[in-house]
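# Examination of the molecular architecture
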Amino acid sequence: MDPTSVAARPLRRVLVANRGEIAVRVIRACHLVGAEAVAVYSEADAGAAHVRKADDSRLIGPPPAAKSYLDIDAIIGAAKDAGADAVHPGYGFLSENAGFAQAVTSAALTFVGPPAAAIAAMGDKARTRTLAEQAGVPLVPGSGLVTSADEAAAAAARIGYPVLVKAAAGGGGRGIRPAGDEAALRSALPAAQREAAASFGSDAVYVERSLYRARHIEVQVLADSLGSVVHCYERECSLQRRRQKLLEEAPAPRLSPALRDRMTAAAVRLARQVGYTGAGTVEFLVDGEDFYFIEMNTRIQVEHPVTELVTGLDLVAEQLRVAAGQPLSVRQEDVVLRGHAVECRINAEDPDKKFMPRPGTVTTLELPGGPGVRIDHALAPGAAVPPFYDSLVAKLCAWGTSRPQALARASQALAELEIGGLTTTASLHRRLLDVPDVRSGNYHTSWLEEFLA
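The following refers to the structure shown. Quantities reported herein were computed from a predicted structural model and do not represent experimental measurements. (Residues numbered from 1 in each chain as written. Predicted model: local features only at pLDDT ≥ 70, side-chain atom pairs only at ≥ 80, totals over all residues. Heavy atoms only, no water.)

### Some points on the overall build of the chain
Defined as follows: In this text, helices come from DSSP runs of H or I with a minimum length of four residues, and strands from runs of E with a minimum of two, each type numbered from the N-terminal end. Contact between two residues is taken to exist if any of their heavy atoms lie within 4.5 Å; hydrogens are not considered. Here the Shrake-Rupley method, with its probe set to 1.4 Å, supplies the accessible areas, and only the displayed protein chains count as covering residues. In this tally, Asp and Glu contribute negative charge and Lys and Arg positive charge; neither His nor the terminal groups of the chain are included. Charged groups are reduced to one reference atom each: NZ for lysine, CZ for arginine, CG for aspartic acid, CD for glutamic acid.
On a plain count of helices and strands, the chain comes out with 15 helices and 23 strands. Reported as C-alpha extents along the three principal axes, the dimensions of the chain are approximately 60 × 50 × 45 Å. Restricting to contacts in the chain with at least 6 residues of sequence separation, those with at least 24 account for 65%. With an accessible surface of roughly 17600 Å², the chain has 51% of that area assigned to carbon and sulfur atoms. Side-chain charges in the chain split into 48 positive and 52 negative, and the spacing between the mean points of these groups amounts to 1 Å.

Structure below.
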């Protein structure tokens, strides 16, 4: 793109189309770059932290997300009513909805994220595979879209078992079913189609080889509208339960410099291929020294703090810069790894009762501190954790000059953390950080479920 064709458009007032800790995080970044922040809230969040910290706020509907945080018309109406000139979607909810991004721009507002066309391209997993192949990015062996059990079985016979049936419009671990043989595949196909239709409004699925003991490693990328694309290195995300991440690290342990270079270069190529702008994450499965592309998340990630801790960058501020038509604040040679960081996701769930959600009210709150400790949250004594939304309540992060120091600081911070009135996954994180495999970084995507079993 010709740099002279892009005009800077300062963002004065940004509506944050989200809630909880990510809304607080975006509000903080808006203030840092000199923009006002407008919160939206459901009736269940009337007294929430993100509402209190914003410069202005608008009620957008009743507690169910479908009638509030997922109501595109209500959010656009709130943005116009509040005099906002931009909308930041955070993560989850409408953040990867191409229709929402288009609705924002059609309302003469700036969408703080990639173009709707890039979101649509990366949201269709079958199309994504084609684009990745064109960019020379290695792919997990898989099929095109399959609609019948016979088509799925023929594809699996060619790919080789075990396989996964995956939603083409999927994400977040939903719409995925494993199959170890043809009988299991014929049962898994309709189950995956039903979940895909319920979760994403489309029952389109494809078949992909299952790399059972691979690692899940993702690369953070940033791109501006002037043609600059950089990577911010990688994050290890293999500690998962039912494909939902619990703990992340940056950089990934036990990753050779050669493999890191190949993965980060592939992520940059893909971002260029789709005309990406803003912050995005390219996700890979790693098997030995081989890596395979699985998907691209076209938003800020839950685990972005660990990348910020090891690079010194403010990724949300970079999103706002790019949306305002400004160049990235860094070139590739400016992005340097320093030390190690770990993030523990603190969810209001009971890990001893199959991670059953435990909404409630915070009675007391003691947050950790000390060198290298960061905790992103929207908690306060008396704050309600409603049952209508994701159970994530805080992200406890620790940085150190070395991985052992980062893990030690995380353990100390977990010991200091007290969230009275809630049952959380903090107890599980305390256990995990004492396990030899975790301390050595010797784990994979199936490790946690095997450990819990």
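Picking up where we left off.
### With respect to the sheet that holds strand β3 (residues 56-61)
Convention followed: Any two strands with at least two DSSP bridges between them are considered paired. To obtain each axis, a line is fitted to C-alpha atoms, and for helices this fit is confined to the stretch in contact; angles are then taken between N-to-C directions over 0 to 180 degrees.
An order of β3-β2-β1-β4-β5 is seen for the five strands of this open sheet, with the pairing classed as parallel. Of all the strands in the sheet, the pair left with one neighbour each is β3 and β5 (110-111). Pairing of strand β2 (residues 36-42) with β3, which is carried by five bridges, proceeds in the parallel orientation. Within the sheet, the bridge partner assigned to Val38 lies in β3 and is Asp56. Of the strands in this sheet, β1 (13-16), β2, β3 and β4 (86-88) are in contact with helix α3 (residues 72-81), which crosses β3 at around 155°.

### Thoughts on the packing of aromatic side chains
As a reminder, the rule being used: We call Phe, Tyr and Trp rings a pair once their centres come within 6.5 Å, taking the six-membered ring for Trp, and we label the pair stacked below 30 degrees between planes, edge-to-face above 60, and tilted otherwise.
Going through the model one piece at a time under the given rule, you end up with eight aromatic pairs. Here the aromatic rings of Phe93 and Tyr389 are separated by 6.3 Å at their centres, their planes lie at 80°, and the arrangement is edge-to-face. Placement of the pair is Phe93 in the loop between β4 and α4 (98-106) and Tyr389 in the loop between β21 (384-385) and β22 (392-400), with a sequence separation of 296 residues. Members of the aromatic cluster, connected to one another through ring pairs, are Tyr69, Phe93, Phe388 and Tyr389.

### Structural notes on the nonpolar core
Applied cut-off: Side-chain atoms within 4.5 Å link the members of a nonpolar core, which is a set of buried Ala, Val, Leu, Ile, Met, Phe, Trp, Tyr and Cys residues. Burial status follows relative accessibility: with a 1.4 Å probe on protein chains alone, a residue under 20% of its type maximum counts as buried, one over 50% as exposed, and anything between as partly exposed.
Among the nonpolar cores identified, the biggest contains 34 residues, and Leu11, Val14, Cys30, Leu222, Ile300, Leu313 and Leu320 are the most heavily contacted of them. Of all the elements in the fold, those that place two or more residues in this core are β1, α1 (20-32), β2, β11 (229-241) and α11 (315-323). Broken down by element, the residue count for this core peaks at six residues, all from α1. When neighbours within four sequence positions are excluded, Leu222 is seen to be in contact with Ser228, Val229, Val230, Cys232, Gly278, Ala279, Leu313, Leu315, Glu318 and Leu328. Counting 33 residues, the second largest nonpolar core, distinct from the first, contains Leu246, Val393, Leu414 and Leu422.

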